[in-house]
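Residue-level structure breakdown
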Amino acid sequence: MTAASRLILAAPHPAALAAARQAAERGGNAVDAALAAAVALTVVYPHQCSLGGDLVALVHSPDGTVRAVLSAGAAAHDVDVDALRAADRRMPAQGPQTVTVPGAVAGWTMLAEAHGTQGALAATLRDAAALAEEGATVSAGLARAVREQSARIAADPGLSALLTGPGGAPLNEGAPLPQPRLAAVLRALADDPSSFYRGAVAEALADGLRRAGSPLTAGDLAAHRAENVEALTLDVLGTRWWAAPPPSQGASLLAVLEAAAAAALPEPRRTGLLATRCQDASAARDRLLGDPRGTEVDLDGLLRPAPLAGARPPKPPFRPAGDTVAVTAVDSSGLAVSLIQSVYQTFGSGICEPDTGIVLHNRGSAFSLLPGHPALIGPGLRPPHTLCPVLGRSAGLLLAAGCQGGRAQPQILAQTVPDLMDPAAGPAAVLDRPRWVVGARDIGHATQTLLAEPGSVPAVTPGFPSDVPVVVAPGRTDLAGHTQAVRLAADGRLDGASDPRADGATVLHGPPDGATAADFACSLEGNPR
């Protein structure tokens with residue numbers, strides 16, 4: 001990145017913004033800045049993301065090509081499916097049996113090697129080590145999570161050591177958050193990122209997981225590889241959209257984006273059509289999504305979901321909470337990234353490995369135990385993934401977006417990103433609009449329900465099933481998602497916004513708008529200018 005280059009990044013925490021700014025000031029590009037933000041978030045947001053979580057990203061290169069980076073970890077080679085079935089008909093929600101191989105570090109490494117500046121990731125990891133050593137402070141969101149999950153924290157020695165003070169009192173907002181053991185791991189990764197999977201860090205993590213009762217071994221960690229694969233695409237009304245392939249739910253996102261973009265209908269018919277399509281896509285995902293390594297995924301069924309036609313949609317086994325962090329960045333060369341990482345539920349599996357300070361995710365809880373189901377758990381297989389970043393490009397605009405929202409991410413993005421493709425629309429105004437989500441247990445309701453922020457849903461929604469109640473929330477709700485979005489216009493203008501439902505912001509680095517022309521002028525066929 002030259003001195004005249006410019007970038008914009010959106011992220012959900014001030015420490016992430018500061019890390020991104022520091023990476024940019026060292027000469028980093030959009031991917032370097034996004035990785036800096038992502039690594040910092042694993043220090044300050046242990047309830048939502050960690051070295052012990054997964055990563056899915058999309059990258060738009062300056063030449064117009066787009067690739068997906070999938071670093072979703074697999075179940076242990078020695079997983080005992082019969083024992084899991086004997087214990088319950090569903091996978092446990094938390095605990096050692098839900099820990100799959102963490103993919104985030106391998107994902108960072110792949111992104112850095114393919115698109116980053118030499119030495120930038122190592123510098124970022126050392127910055128994060130200093131943040132962990134010196135002690136970040138407890139944010140308002142982390143303090144809420146500590147209060148809400150006090151029983152789970154008390155049950156795990158690693159979480160208790162991390163998140164409680166003298167006498168076992170939970171840490172409050174503003175309290176120091178020193179993590180010296182995590183700092184040591186981050187310094188080791190700065191010297192050799194592969195040590196997370198094949199080295200001293202891997203051995204320590206595998207030993208801790210064994211003591212916790214997980215079947216994961218050092219061999220499982222060593223077997224992990226991030227994937228750089230072709231993204232799914234959708235062309236509609238002059239915009240090309242990209243989403244991540246299975247095991248991500250990206251196909252479900254494209255299914256509802258097609259309905260959102262193509263539905264040139266007046267309200268309230270448009271909302272009714274979109275809400276119905278969201279319900280159909282969600283049900284298709286629950287029936288059809290799995291790991292292509294172990295099953296033939298019905299991609300056409302995901303992209304073109306069949307109408308439920310009165311059938312009851314599947315219910316998720318539990319309500320996910322905490323979910324995801326999204327980081328989006330774009331620079332004036334046309335390099336753009338949407339990166340999402342998480343530990344799935346709040347504090348993931350409920351296990352913080354004490355010798356490394358790493359919080360482990362519970363992605364394995366998304367597996368099925370039903371014989372013949374595409375998401376059936378098995379050795380070396382990956383669970384269905386809620387993480388679904390998105391990129392969009394028209395003749396005059398490049399958009400990178402992502403959101404928190406669990407299973408509802410496609411619904412949330414379908415209500416925001418089509419409007420963000422209008423160069424005249426202000427990103428902050430679009431993200432400020434009221435939204436709705438359709439779900440059941442995943443949004444805190446016993447049966448299928450449309451949960452609406454005030455003003456988001458017309459009083460009558462023709463076309464939406466009459467037996468699905470509409471519940472209006474008292475105000476904005478986190479269940480409507482935390483969206484991060486950044487854009488590059490063909491005239492070189494950079495803008496973006498961080499969702500007002502969260503505590504994030506954007507950071508713009510470089511000369512003011514108009515000081516340099518954008519290199520971005522890609523056609524929809526992906527050819528450079």
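Look above for the structure.
Report on the accompanying structure. (Residues numbered from 1 in each chain as written. Predicted model: local features only at pLDDT ≥ 70, side-chain atom pairs only at ≥ 80, totals over all residues. Heavy atoms only, no water.)

1. Details of the overall build of the protein
Worth spelling out the cut-off: Counting from the N terminus, the helices are DSSP H or I runs at least four residues long and the strands are E runs at least two residues long. A radius of gyration in this sense is built from C-alpha atoms; the matching globule rule multiplies 2.2 Å by the number of residues raised to 0.38. Each residue is assigned to one of three classes by its accessible area relative to the maximum for its type, calculated with a 1.4 Å probe on protein chains only: buried under 20%, partly exposed between the two thresholds, exposed over 50%. Surface accessibility follows the Shrake-Rupley procedure with a 1.4 Å probe radius. Residue values consider only the protein chains on display as shielding. Charge assignment: positive for Lys and Arg, negative for Asp and Glu; neither His nor the chain ends contribute. To locate a charge, the coordinates of NZ of Lys, CZ of Arg, CG of Asp or CD of Glu are taken.
Counting secondary structure elements, the protein contains 17 helices and 20 strands. By the compact-globule yardstick of 24 Å for 529 residues, the protein fits well, its C-alpha radius of gyration being 22 Å. Every one of the 529 residues in the protein was classed for burial, and the buried ones make up 60%. Of the roughly 18,700 Å² that the protein leaves accessible, carbon and sulfur atoms contribute 53%. Here the protein contributes 40 positively and 49 negatively charged side chains, and the mean placements of these two sets differ by 4 Å.

2. A look at the packing of helix 1 (residues 14–25) against helix 2 (residues 30–44)
To be explicit about the condition: Whenever a helix is involved, its axis is fitted only over the stretch in contact; in every case the axis is a line through C-alpha atoms, and angles between N-to-C directions fall within 0 to 180 degrees. Rotating anticlockwise by less than a right angle from the far helix to the near helix defines a left-handed crossing, while the corresponding clockwise rotation defines a right-handed one. In this description, contact between two residues means that some pair of their heavy atoms is separated by no more than 4.5 Å. We call Asp, Glu, Lys and Arg charged. Ala, Val, Leu, Ile, Met, Phe, Trp, Tyr, Cys and Pro are nonpolar, and the rest, Gly among them, are polar.
Two elements in contact, helix 1 and helix 2, have axes separated by 7 Å at closest approach and are oriented at 145°. Crossing geometry of helix 1 relative to helix 2 is assigned as right-handed. Here A15, A16, A19, A20 and A23 of helix 1 lie close against helix 2, whose contacting residues are D32, A33, A36, A37, A40, L41 and V44. Its residues placed into classes, the contact of helix 1 with helix 2 shows 11 nonpolar, no polar and one charged.

3. Focus: the environment of L70
Tracing the backbone shows L70 in strand 3 (residues 66–71). For the pair L70 and A169, spaced 99 residues apart in sequence, the C-alpha to C-alpha distance is 39 Å. If near-sequence neighbours (up to four positions away) are discounted, L70 is found in contact with L55, V56, A226, E227, V229, A244, P245, P246 and P247.

4. Focus: the nonpolar core
The criterion, for reference: As used in this record, nonpolar core signifies buried Ala, Val, Leu, Ile, Met, Phe, Trp, Tyr and Cys residues forming a set joined through side-chain atoms within 4.5 Å.
By size, the foremost hydrophobic cluster in this structure holds 68 residues, and its most contacted members are L9, L51, W108, L111, L186 and F196. For this core, the leading source of residues is helix 2, giving 11 residues. Setting aside residues no more than four positions away along its own chain, L186 makes contact with V39, V43, L51, L125, A128, A129 and A132. One finds A243, C278, L289 and I443 within the second-largest nonpolar core, a separate group that totals 51 residues.

5. Remarks on the sheet that holds strand 16 (residues 449–452)
For clarity, the cut-off: Any two strands with at least two DSSP-identified bridges between them are counted as paired.
One open sheet holds the three strands; their spatial order is 15-16-17, and the pairing between them is mixed. In this open sheet, the two edge strands, each paired with only one partner strand, are strand 15 (436–439) and strand 17 (470–472). Taken over all neighbouring pairs, the strand axes of this sheet differ in orientation by 25° on average, direction set aside. Bridging between strand 16 and strand 17 involves three bridges; their strand directions are parallel.

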